[in-house]
Amino acid sequence: MTTMAVKIKNFGLTFKFLIQNIVISILLGVVIWSVFSSIFSQELKKIIDSTTHEKITIVEELGKQYQTSLKQYQNLQIRGIEKILNSSAQDFYLMVQFFYQEVQKKKITSIKAQEELKKLMAQKKVGQSGYFYILNSKGDVVYHPQKTIEKTGEELKKALELP
């Protein structure tokens, strides 16, 4: 069998597989739509046929369900943010570790390593507009992308009005 014949045969199998998946997806969509539209219609009928007190109870229950869904969504957002921050912190740690090892091997000076690390940190974003900064054990800002913020711990506390 020639290469062209194999490609045509493979295309035929791929096309057949694609059509089968489309048909299955459409059928599943129709089934899901019919189930949910039926449930929605039943719930709507309950609301229309209910008394004012029952309507209030239904609305309160819907409000609780909405609040629960909203909390679940917010928790997902928080977990997503935590994952981004954790990943960014791990990336930063690996950068620091790399430069530390290079200094230990005497392949680069500590000053050069700090300069390179600062360059990399200036390029790295956390989320859309966040950034890294470094504090030492005394709370002094060792690195901040806005150079004017590099202050001692005491200066930082005063600037932020911390006790």
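Refer to the structure above for everything that follows.
Right, let's walk through the structure included here. (Residues numbered from 1 in each chain as written. Predicted model: local features only at pLDDT ≥ 70, side-chain atom pairs only at ≥ 80, totals over all residues. Heavy atoms only, no water.)

Let's talk about the pattern of salt bridges
Should their charged atoms come close, side chains of opposite charge can pair.
Phase 1: According to the stated counting rule, one finds three salt bridges in the structure shown.
Phase 2: The closest approach of N and O atoms between Glu 116 and Lys 112, which form a salt bridge, is 3.3 Å. On the criterion of helical spacing, the pair formed by Glu 116 and Lys 112 is a turn pair, its members being four residues apart in helix α3 (residues 110-123).
Phase 3: We note a salt bridge from Lys 119 to Glu 116, for which the minimum N-O separation is 3.4 Å. (Salt bridge = Lys/Arg side-chain N within 4 Å of Asp/Glu carboxyl O. Helix = DSSP H or I, 4+ residues; strand = E, 2+ residues; numbered from the N terminus.)

Structural notes on the packing of helix α2 (residues 52-104) against α3
Phase 1: In the contact formed by α2 and α3, the axes pass within 9 Å of each other and the chain directions differ by 160°. On the basis of their axis angle, the class for α2 and α3 is roughly antiparallel. The way α2 lies across α3 gives a crossing that is right-handed. On α3, the residues touching Phe 92, Met 95, Val 96, Phe 99 and Val 103 of α2 are Ser 110, Ala 113, Glu 116, Leu 117, Leu 120 and Met 121.
Phase 2: Of the residues assigned to the contact of α2 with α3, the class counts are nine nonpolar, one polar and one charged. (Axes fitted to C-alpha atoms, helices over the stretch in contact; angles between N-to-C directions. Parallel < 35°, antiparallel > 145°, perpendicular 65-115°, else oblique. Left-handed = near helix turned anticlockwise from the far one by under 90°. Contact = heavy atoms within 4.5 Å. Nonpolar A, V, L, I, M, F, W, Y, C, P; charged D, E, K, R; others polar.)

Quick word on α2
Phase 1: With 53 residues, α2 should reach 78 Å at 1.5 Å per residue; the first-to-last C-alpha distance of 77 Å fits that figure.
Phase 2: All buried positions along α2 are accounted for by Ser 88, Phe 92, Met 95, Phe 99 and Glu 102.
Phase 3: Check the buried side of α2 and you find it contacts α3 and β1 (134-135).
Phase 4: After α2 finishes, the residue Lys 106 shows a positive phi value of roughly 60°. (Expected span 1.5 Å × (residues − 1). Buried < 20%, exposed > 50% of the residue type's maximum accessible area, 1.4 Å probe, protein only.)

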